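Below, each chain spelled out in residue letters.
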Amino acid sequence: MRAAITTSQAPAAIGPYSQAIRAGDFLFVSGQIPFDPGTGALIQGDIKDQTHRVLKNLSAILDAAGSSFDQVVKTTVYLQDMAEFGAMNEVYATYFPAPAPARATIQAARLPRDVRVEIDLVAYVEVRSQNP
C-alpha cells in the first residue's frame, strides 16, 4: 500500500512531491521549512523560532496520518549554520519523548528560501483494528 498524506494544517507541497507518503506501516514525511500554513509566509525569527514552526508543521502531517512524534524512528535535520546546532537541539528535544529517534544533522550549503532549518522524518504508523 502506498498513499499520499495531505493536510491543510501544514504547508502545501510547492513542487512535484507529497507532504508525506504512507507505505505499509511507515510514513515518509518530506522536508519541512518554517512556512506558516495559515499565512503562507516564512517565519523570519531566529533558529529557535524557525525550528518550532518546522516541528509544528511536521506534527500536523504526523497527526493527519494517525501518527505522532513518539512513533518517529528517524529524522534528518539540515542546518544553514552548524553553529546553531545547540539552539536548534534545545527546541528539538522538547518535541521527542525518550527514546529519541535516530538522527542525522547536516550543514547544507543552502536551504530553500534561505531558511535556517529543514527537517524530514520517517515514522511508524500503527495499524488500527477495524473491530470496536
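Everything numeric here is computed off the predicted structure, so don't read it as measured data. (Residues numbered from 1 in each chain as written. Predicted model: local features only at pLDDT ≥ 70, side-chain atom pairs only at ≥ 80, totals over all residues. Heavy atoms only, no water.)

S.K.: Can you help me understand the nonpolar core in this one?
M.R.: Proteins that are soluble and globular tend to have nonpolar side chains buried together. In this structure, Leu27, Leu55, Leu58, Phe69, Val117 and Ile119 are the most contacted members of the largest nonpolar core, which totals 27 residues. Elements supplying a minimum of two residues to this core: strand 3 (26–32), helix 1 (47–64), strand 4 (72–79), helix 2 (85–93) and strand 6 (117–124). Those residues in contact with Leu58 that sit more than four places away from it in its chain are Val29, Ser30, Gln32, Phe69, Ile119 and Leu121. Within the second largest apolar cluster, six residues are counted, among which are Ile33, Leu42, Ala108 and Leu111. (Core = buried A, V, L, I, M, F, W, Y, C linked by side-chain atoms within 4.5 Å. Buried < 20%, exposed > 50% of the residue type's maximum accessible area, 1.4 Å probe, protein only. Helix = DSSP H or I, 4+ residues; strand = E, 2+ residues; numbered from the N terminus. Contact = heavy atoms within 4.5 Å.)

S.K.: Hey, could you run me through the pattern of salt bridges in this one?
M.R.: Opposite charge on two side chains permits them to pair, given that their charged atoms come into close proximity. Under the counting rule described, the total for this entry stands at three salt bridges. The salt bridge partner of Glu90 is Lys48, with a shortest N-O separation of 2.9 Å. Placement of Glu90 in helix 2 and of Lys48 in helix 1 is noted, with a sequence separation of 42 residues between them. Residue classification places Lys48 among the partly exposed positions, given a relative accessible area of 28%. Of the charged contacts in the structure, one is a salt bridge between Asp114 and Arg110, with a shortest N-O distance of 2.6 Å. Looking at Asp114, the relative accessible area reads 42%, which means it is partly exposed. For Arg110, a relative accessible area of 63% translates into the label exposed. (Salt bridge = Lys/Arg side-chain N within 4 Å of Asp/Glu carboxyl O.)

S.K.: What is the right way to look at helix 2 in this model?
M.R.: For the α-helix, the turn length of 3.6 residues means that residues three or four positions removed from each other point alike. Those residues of helix 2 lying buried are Met88, Val91 and Tyr92. Each buried residue of helix 2 lies within a common arc of 100° when the element is viewed along its axis, so the set occupies one face. (Arc of directions from axis to C-beta.)

S.K.: It is not clear to me how the pairing of strand 2 (residues 20–23) should be interpreted in this structure. Could you clarify?
M.R.: The two faces of the sheet receive side chains in turn, since in a regular strand these alternate between them. The pairing of strand 1 (residues 2–5) with strand 2 spans four bridges and is antiparallel. Along strand 2, the bridge assignment pairs Arg2 with Ala23. With antiparallel pairing between neighbouring strands as the criterion, strand 2 and strand 3 make up a hairpin whose turn holds two residues, including Gly24 at a positive phi of roughly 65°. (Pairing = 2+ DSSP bridges.)

S.K.: What am I meant to see in unusual backbone geometry here?
M.R.: In terms of backbone geometry, most residues other than glycine have negative phi values and most peptide bonds are trans. A cis geometry characterises the amide bond from Ala98 onward to Pro99, with omega recorded as -5°. Secondary-structure assignment places Pro99 in the loop between helix 2 and strand 5 (102–107). The residue Arg113 is not glycine, and still its phi comes out positive at about 60°. Mapped onto the elements of the fold, Arg113 is located in the loop between strand 5 and strand 6. Phi at Asp114 is positive, roughly 60°, even though this residue is not glycine.

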